[in-house]
Amino acid sequence: MNERENYGSLTVFPKRNDPSEEGPGAAAPGTTNDGAPGAARPGVVYLVGAGPGDPGLLTLRGAELLTTADVVLHDELVHPALLDRVREGADVRSVGKRGGDRVVKDAKQAEIDAELVALGLAGRSVVRLKGGDPFLFGRGSEEAEALARAGVPFEVVPGVCSPLGATAYAGISLTHRHIASSVMIVSGVTRAGRSFDWSELASVRGTICVLMGMQALDAVVAGLTGPGQRDPATPAAAIQWGTRADQRVVTGRLDELPRRVREEGLQSPAVIVVGAVTGLRDALRWFDRKPLFGKRVLVTRPRHQARSTSRLVRLRGGEAVELATIEIHPPPDPTRVAEAVRGLSGYHAVVFTSENGVACFFKEMERLGLDARAFGPARLAAIGVGTAAALAARGVRADIVPREFRGEELAEAILADPVLAERRAARPPVRVLLARALVAREVLPERLRAAGCEVDVVPVYETRPASAGRREELLRALSAGEIDVVLLTSSSTVDSLCDLLGEGAAARLDRVLLASIGPITTATAEKRGLRIGVTAEVSTTAGLLDALDRHFTALQGAPGSARSG
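1. Description of the overall build of the protein chain
- Scanning the protein chain from terminus to terminus reveals 19 helices and 20 strands.
- Here the C-alpha coordinates of the protein chain stretch approximately 90 × 65 × 45 Å along the principal axes.
- Considering the protein chain as a whole, with its 565 residues, one finds that 51% of them fall into the buried category.
- Residue pairs in contact within the protein chain that sit at least 24 positions apart in sequence constitute 69% of those at least 6 positions apart.
- Total accessible area on the protein chain is roughly 24,600 Å²; 52% of this is exposed by carbon and sulfur atoms.
- Where the 70 positive side-chain charges of the protein chain centre and where its 68 negative ones centre are 1 Å apart.

Structure, rendered in structure tokens:
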């Protein structure tokens, strides 16, 4: 038991049928709202804009449909986190068609059109998840036409388009009262594969956004400075992977933009912006000034638990690399859990030391047809705010939460609780149920027993090392330099990570920044030969990310430091 507790918001909201992950009341991933108002309807195809990259920019309506659809056909470039919303059992397929071969892409699009029609006629509810906005150079209108011809009902859910999202995250305002009063959005190539007729822009004096123009950037610039009559000195920018942690921005004169792009190695997907508004970037840039911007942060928790941590990383400008180093399994003796649940009325205190413990315990309660009333007058204790939040989400409030999220502090908080202290003084002993992992520190039960409590330690789950395939994936990511920061959220995280990497773990991890959630975790890491770069002052995930913010902010302010991205 140690500082592994807070992996989400400190505020707990009641559950409701709102499938938005990015706000309170989110529908749990893997569930369905079938039959609820707004759920995807059988036989209807929904053309949904996924936004430009940041999964937080998906609309509420898009999230609602994504959570309830039978089938999801998505573009290649949509953020993987969006697919976490899809309900269990749904058919999820990538139908991306990147590449420069127009004939191949047209054939692929025809296949997509036909499949959407077939699925709709078969009575399936379908989300066609498209990057950006479905109708802005997304060929969504062609898909809608195919559905209309076949008599298949469809709906269109607009999305934040890349010209709006990428420029906003790059600190470029497309319009400005004193600079530009119009915006022209064009494609670098036409359907026939020919270049856009740049003479159409000769009379335009506002901002110009060019999509799908990176592969022919020299021709785009020549068209703008020639038939388009743009001054070669016009400020311009290219924004690659806009709104994502790997966003990169190049600015300069229009006629120098191709050279600058080649020097910096920018490629598609990117948005080209031409106009005086690009000069606002130095004053308005905000996203790539976040301390964690561009940092690839390894989150080692199991997939179902990693989502909340990953979201916190993204909100701070980083990109989460989810790679669980442990797997959660049922306990070796499930009958003990059932006996403990049935005997809840005989305990004066029930103690939880992790969110996993809460989830597994309540799963058994549900299996036995019990709810929160089964706890009766027992005092509930949680080792930290994350565990307390997991209890609150299930309708019960923790009576005891220590100020420091460690087993030692939790033992003291339980012994100091006035209700339990009165019980100990009047009618000892106090009976305590400790629901925890199979393997954990013994300090908590030992201290409670030393104070005269009867403690039943009931393993409600078991952690096991990840598979050999996971080890190879982690080794490859470390060797390729695809990880900048590793979050160490508990002593068990340290041990499982080192065990997974095997001999030479310390040397492999010496290439990245190791961030520890608290002193106990740091001590465990140092015993394993790891060099900790950051230790959180507040032992929560939010506190750990705050410590990383301060670390990188200090580095940015150091003499000679350079801002990445």
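2. Comments concerning the sheet that holds strand β12 (residues 319–322)
- Strand order across the open sheet formed by 5 strands is β12-β11-β18-β19-β20, with parallel pairing between neighbours. Strand pairing shows two members of the sheet lacking a second neighbour, β12 and β20 (534–535), which therefore form its edges.
- Bridge count for strand β11 (residues 296–299) against β12 is 4 bridges, and the pairing is parallel. Paired with R296 across the two strands is E319, which belongs to β12.
- Contacting β11, β12 and β18 (485–488), helix α8 (residues 303–315) runs over the sheet at an angle of about 165° to β12.

3. What to know about the side chain of S187
- Following the sequence through the fold, S187 ends up in strand β6 (residues 183–187).
- Relative accessible area serves as the criterion here: at 10%, S187 is assigned to the buried category.
- With near-sequence residues (within four places) excluded, S187 lies in contact with F137, F196, L211 and M212.

4. Side note on the environment of T300
- For T300, the location among the structural elements is in the loop between β11 and α8.
- Along the sequence, T300 and L488 sit 188 residues apart, while their C-alpha atoms lie 7.9 Å from each other.
- In this structure, T300 is in contact with L323, A324, T325, I326, L487 and T493, ignoring residues within four places of it in sequence.

Rules used in this analysis
Residues numbered from 1 in each chain as written. Predicted model: local features only at pLDDT ≥ 70, side-chain atom pairs only at ≥ 80, totals over all residues. Heavy atoms only, no water. Helix = DSSP H or I, 4+ residues; strand = E, 2+ residues; numbered from the N terminus. Buried < 20%, exposed > 50% of the residue type's maximum accessible area, 1.4 Å probe, protein only. Contact = heavy atoms within 4.5 Å. Areas by Shrake-Rupley, 256 points an atom, 1.4 Å probe, with all protein chains shown as cover. Lys, Arg positive; Asp, Glu negative; His and termini not counted. Charge placed at Lys NZ, Arg CZ, Asp CG, Glu CD. Pairing = 2+ DSSP bridges. Axes fitted to C-alpha atoms, helices over the stretch in contact; angles between N-to-C directions.

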